[in-house]
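Close look at the chain arrangement
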Amino acid sequence: MECLLLLDLSFVFLVLLPRPISGKFTVIGPQQPIITMVGGEAIFPCHLSPQIDAQDMDVMWFYGESSQLVHRYKYRQDYLNHQHPYYNGRTEFLRDDISTGSVALKLRHIRPSDEGKYRCLFKNSTAYEEAEYQVYVAGKGSAAHIHIVNDGNKSLRLVCTSTGWYPEPEVQWRKNQEKLLPQDTMIKKKENGLFSVETSITVSINSTVNVSCFIGNPLLRQKLEASFSLSDALFPNDTPWIVIWIVTVVLLSSVILILIFVIWKLKKVKGVNKDELGVNKDELGIKKDDSGMRKNSTELKKDATGFLKDSLGIITVAIKPQVFFARGPRAEPHLL
C-alpha cells in the first residue's frame, strides 16, 4: 500500500510541476501540427537528443490543460493504472527504437474531441523533459445533395444538404461560376461532435440557369459540389401531362413490340412447316429410289438364274456325245 501511495504521489507531482527540471537530454516532438481524420488513427513520435537508451525511463503522454494521462510506459512495460478512461483500448506504445531514445504513440479511432495540445514527457531518476505539439482533427462529410421545395408564388427553393463534417464547414452557392447571394444556411453540431449542413437559395420558377452548391473543409481545403439544372426540373404544374405522355408512349411501344414478336413467331412457324414438307418429299423420293433398286436387283437375279440354266444345258449337251469304256479285257465300245 505504501509503495502504491508513493507512486501516486510521484504521478501527481509530475502533473502539477510547472516547468521541467533541467537535465542532460532534450525531448523533440512533432515540429508541425498533426492533422488526423475522423475514424482513422494517428502516430505521435517523440525522441531524445542526444540519442539515449530510454528503456528504463518513464515515458508519458498528456492531453490538454487538465493533463489527462493518455498513455504511460514504466518498468519496461505499459503502465496504465492512471490512464484516462477516454483512451482505454485506443492507445499503443511503439518502442522498436527505444534503445536510441526514439518512441511513438499510436492513437486509434480518432474523434473530434481528440483535437488539442499534447505533451510527450521523458523522466529518469534525476530529471525530466517534455515536448508539446498540436493535433487537429478533420472530417470530410458525405456527398452534397440538392432537392426542390416549391414555395409557390412562382418561386422555387433549392435545398442542399450534407453531414459528417469537422470542423464547421464553409458553404457557398454559385450561379454560372459566379457567387450567388443571399443564402439561408443552418449548421448543426451532432452528439458525435460532427456537423451537418442545410443551406438553401430561392430562384424564379422561370429561371433556366445552372446552380451549384459547394461545401468545404477549411482545414483540408477540400470541397464537395452538387450541381442542379433548373431547365431540367419537372415542375408540379407540368407533372400530370408529362406523366400521361410518358405512360402513353410506354404502352404504345409495348403493343408494337408484342405485335412484332407475334408476326415474327408466325413466320418462323410457317418456315419450319415448309422445311418439314420438303424433308418429307425428299424421304418419299428416297423410298421410291429404294424400291426401284430392289426391282432392278430382282431382275438381275432372274437374269443370273436364266444364265445358269443355259449354262447347265450347254454342259449337258457337251457331255452326252462322250464315249466311255466298260470294264473287261477288250470290250467293244458302245454308243450311248
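First, a word on scope: everything that follows refers to the structure included in this document. No experiment lies behind these values; they were computed from the predicted model shown.

Side note on the pairing of strand 8 (residues 102–107)
- Of all six residues that make up strand 8, five are buried, and the element is covered over most of its length.
- Sheet topology note: the strand 3 (residues 42–49)/strand 8 ladder contains six bridges and is antiparallel. By the bridge assignment for strand 8, Ala42 is matched with Leu107.

Structural notes on unusual backbone geometry
- The peptide bond linking Ser49 to Pro50 adopts the cis configuration, its omega dihedral lying at 0 degrees.
- The residue Pro50 is located in the loop between strand 3 and strand 4 (58–63) in this model.
- Looking along the chain, the bond that leaves Tyr166 and enters Pro167 is cis, with omega of -5 degrees.
- Looking at where Pro167 falls in the secondary structure, it is placed in the loop between strand 12 (155–165) and strand 13 (170–175).
- One non-glycine residue, Arg76, lies in the positive phi region at around 65 degrees.
- Structurally, Arg76 can be placed in the loop between strand 5 (68–74) and strand 6 (77–78).
- Even without a glycine there, the phi angle at Arg221 is positive, about 60 degrees.

Some words on the state of the cysteines
- In total, this model carries one disulfide according to the counting rule given.
- Shown here is the disulfide that connects Cys160 with Cys213, its sulfur atoms set 2.2 Å apart. One quick way to see it: the torsion about the S-S bond of Cys160 and Cys213 is about -85 degrees, and its sign makes the bridge left-handed. Taken together, the residues span a long stretch of sequence, with Cys160 in strand 12 and Cys213 in strand 17 (residues 210–217) at a distance of 53 residues. Grouping residues by exposure puts Cys160 and Cys213 together as buried.

What to know about the nonpolar core
- In terms of nonpolar packing, the biggest core is built from 51 residues, with Phe44, Trp61, Tyr118, Phe122, Tyr133, Leu158 and Trp173 touching the most fellow members.
- When neighbours within four sequence positions are excluded, Leu158 is seen to be in contact with Ile146, His147, Ile148, Trp173, Thr199, Ser200, Ile201, Val203, Val211, Phe228 and Leu230.
- With five residues, the next largest nonpolar core counts Met60, Leu69, Leu121 and Tyr128 among its residues.

A word on the sheet that holds strand 5
- Ordered by their spatial adjacency, six strands build an open sheet running 2-10-9-4-5-6, and the pairing between neighbours is mixed. Across the chains shown, the open sheet's two edge strands, defined by having one partner strand only, are strand 2 (34–37) and strand 6.

Here's the deal with the sheet that holds strand 8
- Reading across from one edge, 1-3-8-7 is the order of the four strands in this open sheet, with antiparallel pairing throughout. Two strands close off the open sheet at either side, each with one partner strand: strand 1 (26–28) and strand 7 (91–94). Within this sheet the neighbouring strands show an average axis-to-axis angle of 20 degrees, counted without direction.

Notes on the packing of aromatic side chains
- Inspection of every chain in the model, using the stated rule, returns 10 aromatic pairs.
- With a centroid separation of 4.9 Å and 55 degrees between ring planes, the pair formed by Tyr63 and Tyr118 is classed as tilted. Residue Tyr63 is found in strand 4, and its partner Tyr118 is found in strand 9 (residues 116–123); the two are separated by 55 residues along the sequence.
- Between Tyr86 and Tyr87, the aromatic rings sit 5.0 Å apart at their centres with planes inclined by 85 degrees, giving edge-to-face as the arrangement.
- Pairwise contacts between aromatic rings join Phe44, Tyr63, Tyr118 and Tyr133 into one cluster.
- Across from the ring centre of Tyr86, 5.0 Å away, lies the NZ or CZ of Arg90, which sits over that ring.
- The ring centre of Tyr86 lies 4.8 Å from the NZ or CZ of Arg111, which sits over that ring.

Points about the environment of Met57
- Position of Met57 relative to the elements: it lies in the loop between strand 3 and strand 4.
- Look at Met57 and you get buried, because its relative accessible area is 6%.
- Note: C-alpha distance between Met57 and Tyr128 (71 residues apart in sequence) is 9.4 Å.
- Apart from residues no more than four positions distant in its own chain, Met57 is found in contact with Phe25, Leu48, Ile52, Tyr73, Lys74, Phe122, Lys123 and Asn124.

Thresholds, definitions, all that
- Residues numbered from 1 in each chain as written.
- Predicted model: local features only at pLDDT ≥ 70, side-chain atom pairs only at ≥ 80, totals over all residues.
- Heavy atoms only, no water.
- Buried < 20%, exposed > 50% of the residue type's maximum accessible area, 1.4 Å probe, protein only.
- Helix = DSSP H or I, 4+ residues; strand = E, 2+ residues; numbered from the N terminus.
- Pairing = 2+ DSSP bridges.
- Disulfide = S-S within 2.5 Å.
- Core = buried A, V, L, I, M, F, W, Y, C linked by side-chain atoms within 4.5 Å.
- Contact = heavy atoms within 4.5 Å.
- Axes fitted to C-alpha atoms, helices over the stretch in contact; angles between N-to-C directions.
- Phe/Tyr/Trp six-rings, centres within 6.5 Å; stacked < 30°, edge-to-face > 60°.
- Lys NZ or Arg CZ within 6 Å of the ring centre and 35° of its normal.

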